[in-house]
Amino acid sequence: MATINKNYNKVPPAYGFMEIGRRIKAFVKINPGTEVMRLGIGNTTQPLTATIVRGLLKGVKKLADAKSYTGYGDEQGDSRLRQALAGFYEKRGINISEQEIFISDGAKPDSANISSIFGMDSIVAVTDPVYPVYADSNIIAGKKVVYMNCRQENGFVPGIPKGKVDLIFLCSPNNPTGAVMTKKQLKDFVDYANKKKAVIIFDAAYAEYISDKNLPKSIYEIPGAKSCAIEINSFSKWAGFTGVRLGWTVVPMDLAVEGVEKGKVNSLWNRRQTTMFNGASNIVQEGGLAVLSEKGQKECKELVDYYMNNARIIKSGLTKMGLEVYGGENAPYIWLKVPGNMDSWDFFDSLLKEARVAGTPGSIFGPKGEGYLRLSAFGNKEDIKRAVESIQKNLKFET
Ligand SMILES: Cc1ncc(COP(=O)(O)O)c(C=O)c1O
């Protein structure tokens, strides 16, 4: 007799964002013809750059010719892309080998799948608020999840866990708060993990949004990280690959886990990927190589600068009108404190009704997100300007 995985009953039924869509639809139904400006969703809007398009086309052309056609590739990824990523790290003074890099179809699947190689009895620490995937995937898998609170008082960066934990999910720059961990804050976690033999899963999907040279873009900038940290990253947010799909995960050979030899965790992830994943698209990997070319990097930096200019427009526009705003520097998310006594959903409704702007209620990301609203810088500049102007003109609020 088949039964269902009852752990699905322990996670919110519809990955909160659906409720946003439902409320917008209901609002438009009673206000026909109204345009809702969406500032909530972390989806990219700007087209792929010329160099990336050429890379993707090169991938297509290769498949159109019997001499260069390829079918399945290595599940771990095209060796040229793995080497190019090793070079990407090397430029930052980080020594990562090709064998430690696994190409994937994105950071979301990797961050949801990675804990499957660790024991079922692992206690998993995630932040609150959190990118929901880390919490939900572990709850669905039946693992115990504990929360590290991120509050205004700690700059939305958690302190090291108080009790015993085995896996720690960190995301910097952070979705949803836009907070970025300093080297010192990250070092505290690395030291903790090495001491307690815990493993950190570090999601660096927004690393390219960091322009402050003192802030770490990779956990491997922190001494000792290779023995305790796995890093997950993506081409989505800085190269516009949200729909194209390409990411990677670094599992260092030095990663130390109690009772197994060094290299074992790397070989387990290799086993997992070769068993359950059939490799990223060969066309898309050609696009990834183009991203990592000198020209590609320059163009992607312009893309990031474009979105960060949006972040500045939102942050300064809202600050000027007396709202309390966090993030938006070295990160594409703005974490807005809900004014007055409203909760996140009340404020979402006010913003929608009064300014016709949709954000993302902070409470979707966990109880400590209550009282906040996430705004995203991933829109068109003109749309962002109009949305900010509309908020300034139409939103009524008490401080
Ligand atoms: C923290 C974080 N990691 C990963 C992802 C998804 O990355 P990908 O598109 O590579 O699956 C997102 C998307 O919003 C994210 O916010």
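Quantities reported herein were computed from a predicted structural model and do not represent experimental measurements.

Peer 1: Before we go on, may I ask you to explain the sheet that holds strand β13 (residues 372–376) in this structure?
Peer 2: The strands that make up a sheet are held in pairs by hydrogen bonds between backbone atoms, and each pair lies either parallel or antiparallel. Taken together, the four strands give an open sheet; going across it, the order is β9-β10-β13-β12, and neighbouring strands pair in antiparallel fashion. Unpaired on one side and paired on the other, β9 (325–327) and β12 (360–361) mark the two borders of the sheet. Bridge count for strand β10 (residues 333–337) against β13 is five bridges, and the pairing is antiparallel. Its bridge partner being in β13, L336 is matched across the sheet by L373. The sheet strands contacting helix α10 (residues 294–320) are β9, β10 and β13, and the helix crosses β10 at an angle near 15°. Of the strands in this sheet, β12 and β13 touch helix α11 (residues 344–355), which is tilted by about 50° from β13.

Peer 1: What's the story with the sheet that holds strand β6 (residues 199–203) in this structure? I'm lost.
Peer 2: On the basis of which strands lie adjacent, the open sheet formed by seven strands has the order β2-β8-β7-β6-β5-β3-β4 and mixed pairing. Looking at which strands have only one partner, the edges of the open sheet turn out to be β2 (101–104) and β4 (144–149). Neighbour to neighbour, the strand axes of the sheet diverge by 20° on average, direction disregarded. Examined bridge by bridge, β2 and strand β8 (residues 247–250) share four bridges and lie antiparallel to one another. Across the sheet, the residue bridging to I101 is V250, located in β8.

Peer 1: Explain α11 to me, please; I cannot follow it from the model alone.
Peer 2: Given 3.6 residues per helical turn, the α-helix brings residues three or four places apart onto the same face. Taking 1.5 Å per residue, 12 residues should reach 16 Å; α11 reaches 16 Å between its end C-alpha atoms and fits that length. Each element contacted by the buried residues of α11 is listed here: α1 (17–30), β11 (357–358), β12, β13 and α12 (381–394). Looking one or two residues beyond α11, the residue adopting positive phi is R356, at roughly 60°.

Peer 1: What's the story with the domain arrangement of the chain in this structure? I'm lost.
Peer 2: When the parts of a complex come together, some accessible area is lost, and that lost area is often used as the size of the interface. Under the domain assignment used here, the chain contains domain 1 (6–48 + 296–394) and domain 2 (50–293). Placing the centre of domain 1 and that of domain 2 at their C-alpha centroids yields a distance of 26 Å. Secondary structure elements with two or more residues in the side of domain 1 that touches domain 2: α10, β9 and β10. Among the elements that line the side of domain 1 that touches domain 2, the one with the most residues is α10, at seven residues. Its residues assigned to classes, the side of domain 1 that touches domain 2 shows 16 nonpolar, 13 polar and four charged.

Peer 1: Explain the packing of helix α9 (residues 282–292) against α10 here, please?
Peer 2: To characterise two packed helices, one gives the angle between the axes of the helices and the distance between these axes. Direction vectors running N to C along α9 and α10 enclose 80°, while the axes themselves pass 4 Å from each other. Here α9 lies roughly perpendicular to α10, going by the angle between them. Side by side, α9 and α10 meet where A290, V291 and L292 of the first sit next to G296, Q297 and C300 of the second. Here the contact of α9 with α10 is built from residues that sort into four nonpolar, two polar and no charged.

Peer 1: Help me understand the nonpolar core in this model?
Peer 2: Soluble globular proteins tend to pack their nonpolar side chains together in the buried interior. One finds I168, F169, I200, I201 and I230 to be the most contacted residues of the largest nonpolar core, which totals 107 residues. No other element matches the six residues that α10 contributes to this core. A domain-level breakdown of this core finds at least three residues from each of domain 1 (6–48 + 296–394) and domain 2 (50–293). Residues contacting I201, with those up to four places away along its chain left out, are S111, I114, L167, I168, F169, I230 and I232.

Peer 1: How do you make sense of helix α6 (residues 183–196) when you look at a structure like this?
Peer 2: With 14 residues, α6 extends 20 Å between its outermost C-alpha atoms, agreeing within 8% with the 20 Å of an ideal straight helix rising 1.5 Å per residue. Those residues of α6 not exposed but buried are Q185, L186, F189, V190 and A193. All buried residues of α6 lie within an arc of 140° about the axis, which places them on one face of the element. Residues of α6 that are exposed and angled more than 90 degrees away from the buried face: K184 and K195. Looking at the buried residues of α6, the elements they touch are β5 (167–171), β6 and β7 (229–234). K197 lies just past α6 and shows a positive phi near 60°.

The rules behind these values
- Numbers given to residues run from 1 along each chain, matching the order in which its sequence is written.
- Local features in a predicted model are, by the rule used here, given only for residues with pLDDT of at least 70; side-chain atom pairs are given and counted only at 80 or more, and totals for whole chains, interfaces and linings are based on all residues.
- When DSSP locates at least two bridges between a pair of strands, those strands are taken to pair.
- Only runs of H or I of at least four residues qualify as helices and only runs of E of at least two qualify as strands under DSSP, and these elements are numbered from the N terminus.
- What counts as a contact is two residues whose backbone-derived C-beta atoms lie within 7 Å of each other.
- An axis is simply a line fitted to the C-alpha atoms; with a helix, the fit covers only the stretch in contact. Between two such axes, the angle follows the N-to-C directions and lies from 0 to 180 degrees.
- By definition here, a helix of n residues has an expected span of 1.5 Å times n minus one.
- Annotation comment: domain bounds sourced from an automatic or database domain assignment.
- All amino acids are sorted into three groups, where Ala, Val, Leu, Ile, Met, Phe, Trp, Tyr, Cys and Pro are nonpolar, Asp, Glu, Lys and Arg are charged, and the leftover types, Gly among them, are polar.
- Working rule for angles: under 35 degrees goes down as roughly parallel, over 145 as roughly antiparallel, 65 to 115 as roughly perpendicular, anything else as oblique.
- Buried Ala, Val, Leu, Ile, Met, Phe, Trp, Tyr and Cys residues whose C-beta atoms connect them within 7 Å together make up a nonpolar core.
- Working definition of burial: number of other C-beta atoms within 10 Å of the residue's own, with buried at 20 or more, exposed at 12 or fewer, and partly exposed in between, all C-beta atoms being placed from the backbone.
- What the arc describes is the spread of directions from the helix axis to the C-beta atoms.

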